[in-house]
Amino acid sequence: QTPYGEFWAPKGSRFILPVLLCPYIIFSVVVLAAWPYAMDDAYITLVYSRNLAETGAVTYNGIPVEGYTSFLHMAIAALLLVPSSPDLLLPLIKMLSLGLGFLMICLGGRIVVLLGGSELHAALARTALATSPVLAYHHASGLETPLVYICGLLLVLALIPSEPRAPGAAVH
């Protein structure tokens with residue numbers, strides 16, 4: 001018996017790992033399909049990040065103005081820029097977004113289980129998240145949207161009991 005039940009890994013099965021990794025592999029492929037695209041707004045935030053990393057001031061081409069969407073996203077990008085080249089910043093942000101996408105898939109499945117869904121329901125939720133072209137686009141765009149998703153999911157996770165409900169139990 002595995003934590004995911006006999007459905008996922010009949011006794012002696014070697015398929016548990018590929019089945020569990022499937023949503024993450026699918027998500028990677030879908031995100032990579034959108035990888036070449038970057039929103040123009042992402043470049044605006046990256047200018048602020050570059051200036052913060054280089055000068056310690058939040059400016060846009062020398063002008064102290066707040067035109068970025070998310071301070072946290074801009075600060076994270078500045079931290080990524082310190083040890084690397086400016087040419088690598090957008091790919092680094094996109095790789096961070098891909099990692100946040102993996103976390104989003106994991107948290108989505110966990111929330112389903114905590115709300116009383118079975119592991120099959122959680123797997124379906126993870127697959128739905130992994131195959132969403134909208135989510136893939138957001139994770140490849142270079143914007144702060146993946147960070148917002150994670151903050152929202154962590155908030156939901158904090159608001160529900162940490163012990164799974166019995167499948168079919170009412171949520172109060």
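Helix and strand counts for the protein chain come out as seven helices and zero strands. The helix and strand sequence of the protein chain, counted from the amino end, reads α-α-α-α-α-α-α. Scored against the burial criterion, the 172 residues of the protein chain give a buried share of 38%. When the accessible surface of the protein chain is summed, it comes to about 9,600 Å², and 71% of that surface belongs to carbon and sulfur atoms.

So, on to the packing of aromatic side chains. Aromatic rings considered in pairs are described by the distance between their centres and by the relative angle of their planes. Under the definition given, this model contains six aromatic pairs. Seen from their ring centres, Tyr48 and Tyr60 are 5.3 Å apart, and the 45° between their planes marks the pair as tilted. Here the residue Tyr48 occupies a position in helix H2 (residues 40–55), and Tyr60 occupies one in the loop between H2 and helix H3 (71–81), the gap between them amounting to 12 residues. Residue classification places Tyr60 among the partly exposed residues on the basis of a relative accessible area of 29%. What links up through ring pairs into an aromatic cluster is the set Tyr48, Tyr60, Tyr68 and Phe71. Above the plane of the ring of Trp35 lies Lys94, whose end atom (NZ or CZ) is 5.4 Å from the centre.

Take the side chain of Glu144 next. Summarising the element assignment, Glu144 is placed in the loop between helix H6 (133–140) and helix H7 (145–159). For the buried residue Glu144, which engages in no salt bridge, the nearest side chain bearing the opposite charge is Lys94, 14 Å off. Residue contacts for Glu144: discarding those within four places in its chain leaves Thr69, Ser70 and His73.

Rules used throughout
- Residues numbered from 1 in each chain as written.
- Predicted model: local features only at pLDDT ≥ 70, side-chain atom pairs only at ≥ 80, totals over all residues.
- Heavy atoms only, no water.
- Helix = DSSP H or I, 4+ residues; strand = E, 2+ residues; numbered from the N terminus.
- Buried < 20%, exposed > 50% of the residue type's maximum accessible area, 1.4 Å probe, protein only.
- Areas by Shrake-Rupley, 256 points an atom, 1.4 Å probe, with all protein chains shown as cover.
- Phe/Tyr/Trp six-rings, centres within 6.5 Å; stacked < 30°, edge-to-face > 60°.
- Lys NZ or Arg CZ within 6 Å of the ring centre and 35° of its normal.
- Lys, Arg positive; Asp, Glu negative; His and termini not counted.
- Salt bridge = Lys/Arg side-chain N within 4 Å of Asp/Glu carboxyl O.
- Contact = heavy atoms within 4.5 Å.

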